[in-house]
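Remarks on the overall topology
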Amino acid sequence: DFQFIRCERCQQESPNLKLLACFHTLCLHCLSKNKHLGQCPMCQMAIPQTGGVNNVLFTNLQAGLKVYKKIIDGVDLFCDNCKQAGEFWCSECKEFLCTKCFKAHHWYLKSHEANRVMDIRAGSAKDFLKGTWRTGILFCSNPTHRGQTASIYCRKCEKALCCSCALLDSHHAPFCDIRSETQRRQEELSTMNQELKQKRGSFEATYTALQDEAARLEEAQREMRELIQQRVEQLVRRIRQEEEELLGLVEARQEEGRRELASELQGVEGVLRRMEAGERLVEKMRLYATEQEVMDMQPFIKGSLEELQQLQPPPAGNRAQPGDLAECRTRLQAL
């Protein structure tokens, strides 16, 4: 269920994952290997100079799975405060607690939710990541208030704020609840994703049409090659050179048509892969993203979705017919 958090190129886990505008996630090693090409190795979309953003969702899910594996294995499971046997896990502090420290923790931090390790072990990794791991605190975007909990969203500067910033800084207004803004962003991404699903059908139809056209081109080339060979075999030795030139012309036209169609197929296929990657990412954001991750990643993802929405499949009717064999037919008739 969680293979998607690996690098899509090498399928290895990495603490440094980059989300590109085409929605593919790659490790820094794979990005550096393809840096000279300037293209995503998955869909061939050009990688801008700014590169991508840190895929904090996938990175944090990797960290969550490591904690879950540690709980399942039960090895070196100690309280982070006193190093006694860890019996509880606080999803907000991201710490293991023994029974004694749990009681103190529960007394002073009543709002924090701590789960028994044995209860987590009885559940699945998906339950852990959607429940105990997904719970998190959103912090103020003000660098001087990094430790303050953010509960307010400023629509003017589009940032999460703590109560101190909202009360003391007159530049911030209007406000709304940060959870409402997080929900709005999730819904906005879901709506855009639904619209892209509808547009995807036209790209798939174009991709199928291009494949059919490529097959027709191959068949036309095969028939012409057979005709040339039959005619040439009837001629005398003095026109053998003409035979070779005709065959070479057919091959040249075939290669030209193949290159043109391959280029269009590659482009449409790349867009389809970006759409698939976008759908997957939005779905995983909806299932697993914390509020902090939504706030960090939504503008970048939104911009990429908007860019996809602007794309239109190339019109099939206006496409020039590749691999024209008119010259070859004229020379064959003259022969």
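Residues numbered from 1 in each chain as written. Predicted model: local features only at pLDDT ≥ 70, side-chain atom pairs only at ≥ 80, totals over all residues. Heavy atoms only, no water.

The name that an unreviewed UniProt entry assigns to the chain is PML protein, with the source organism given as Halcyon senegalensis.

1. Regarding the overall build of the chain
Each helix and strand in the chain was counted, giving ten helices and nine strands. Out of the 335 residues in the chain, the part that is buried amounts to 39%. The contacts of the chain with a sequence gap of at least 6 include a subset with a gap of at least 24, amounting to 61%. Here the chain displays about 19,000 Å² of accessible surface, and carbon together with sulfur accounts for 49% of that area. (Helix = DSSP H or I, 4+ residues; strand = E, 2+ residues; numbered from the N terminus. Buried < 20%, exposed > 50% of the residue type's maximum accessible area, 1.4 Å probe, protein only. Contact = heavy atoms within 4.5 Å. Areas by Shrake-Rupley, 256 points an atom, 1.4 Å probe, with all protein chains shown as cover.)

2. Focus on the pattern of salt bridges
When charged atoms on two side chains of opposite charge get close, those side chains can pair. In this structure the tally under the stated criterion is 19 salt bridges. Between Glu 188 and Arg 184 there is a salt bridge; the shortest N-O distance is 3.6 Å. Highlighted residues: Glu 188 and Arg 184, both in helix H7 (residues 178-234), separated by four residues, approximately one helical turn. Residue class for Arg 184 comes out partly exposed when judged on its relative accessible area of 41%. (Salt bridge = Lys/Arg side-chain N within 4 Å of Asp/Glu carboxyl O.)

3. Some remarks on the sheet that holds strand S6 (residues 114-116)
With respect to topology, three strands assemble into an open sheet ordered S5-S4-S6, the strand pairing being antiparallel. Where the open sheet ends on each side, the last strands, each with one partner, are strand S5 (95-97) and S6. Adjacent strand axes in the sheet meet at a mean angle of 30°, parallel and antiparallel pairs treated alike. Bridging between strand S4 (residues 88-90) and S6 involves three bridges; their strand directions are antiparallel. Opposite Phe 88, over in S6, you have Arg 116 as the bridge partner. (Pairing = 2+ DSSP bridges. Axes fitted to C-alpha atoms, helices over the stretch in contact; angles between N-to-C directions.)

4. Here's the deal with the UniProt feature "domain: RING-type" (unreviewed entry) in the chain
Cross-referencing UniProt, the feature "domain: RING-type" (unreviewed entry) maps to residues 7-44 in the present numbering. Between the end C-alpha atoms of residues 7-44 the distance is 16 Å, and the span holds 16% helix and 16% strand. (UniProt positions renumbered as here; feature names shortened; annotations may be inferred.)

5. Brief notes about the nonpolar core
By size, the foremost hydrophobic cluster in this structure holds 56 residues, and its most contacted members are Leu 57 and Ile 301. Looking at this core, the element that brings in the most residues is helix H8 (residues 240-288), giving twelve residues. The residues touching Leu 57, leaving out its near neighbours within four places in the chain, are Leu 281, Lys 284, Met 285, Tyr 288, Ala 289, Glu 293 and Met 297. Counting residues in each nonpolar core, the second largest holds nine residues, with Ile 228, Val 250, Leu 325 and Leu 332 among its members. (Core = buried A, V, L, I, M, F, W, Y, C linked by side-chain atoms within 4.5 Å.)

6. Things to note about empty space enclosed by the protein
Taking a probe equal in size to a water molecule and rolling it over the atoms shows the remaining empty space. On inspection of all chains with the given rule, the structure shows one cavity of 30 Å³ or more. Counted as a void, the largest cavity has a volume near 40 Å³. As for the largest cavity, its lining consists of Leu 20, Ala 21, Cys 22, Cys 40, Met 45, Ala 46, Ile 47, Pro 48 and Gly 51. (1 Å grid on protein atoms, 1.4 Å probe; cavity = no way out; pocket = protein on both sides within 12 Å on 5 of 7 lines; lining within 4 Å. Points joined across faces, edges and corners; volume = space filled by probe spheres on them.)

7. What to know about the layout of surface pockets
In this structure, the second largest pocket spans a volume of roughly 300 Å³. No other element matches helix H1 (residues 28-33), which puts three residues into the lining of the second largest pocket. Here the residues of the lining of the second largest pocket sort into five nonpolar, eight polar and two charged. (Nonpolar A, V, L, I, M, F, W, Y, C, P; charged D, E, K, R; others polar.)

8. A short note on helix H3 (residues 99-108)
Along an α-helix, residues three or four positions apart point the same way, because every turn accommodates 3.6 residues. Every buried residue belonging to H3 is among Cys 101, Phe 102 and His 105, and all of these are buried. Each buried residue of H3 lies within a common arc of 105° when the element is viewed along its axis, so the set occupies one face. Relative to its buried face, H3 has exposed residues pointing more than 90 degrees away, namely Lys 100, Lys 103 and Trp 107. Buried residues along H3 sit in contact with S4, S5 and S6. (Arc of directions from axis to C-beta.)

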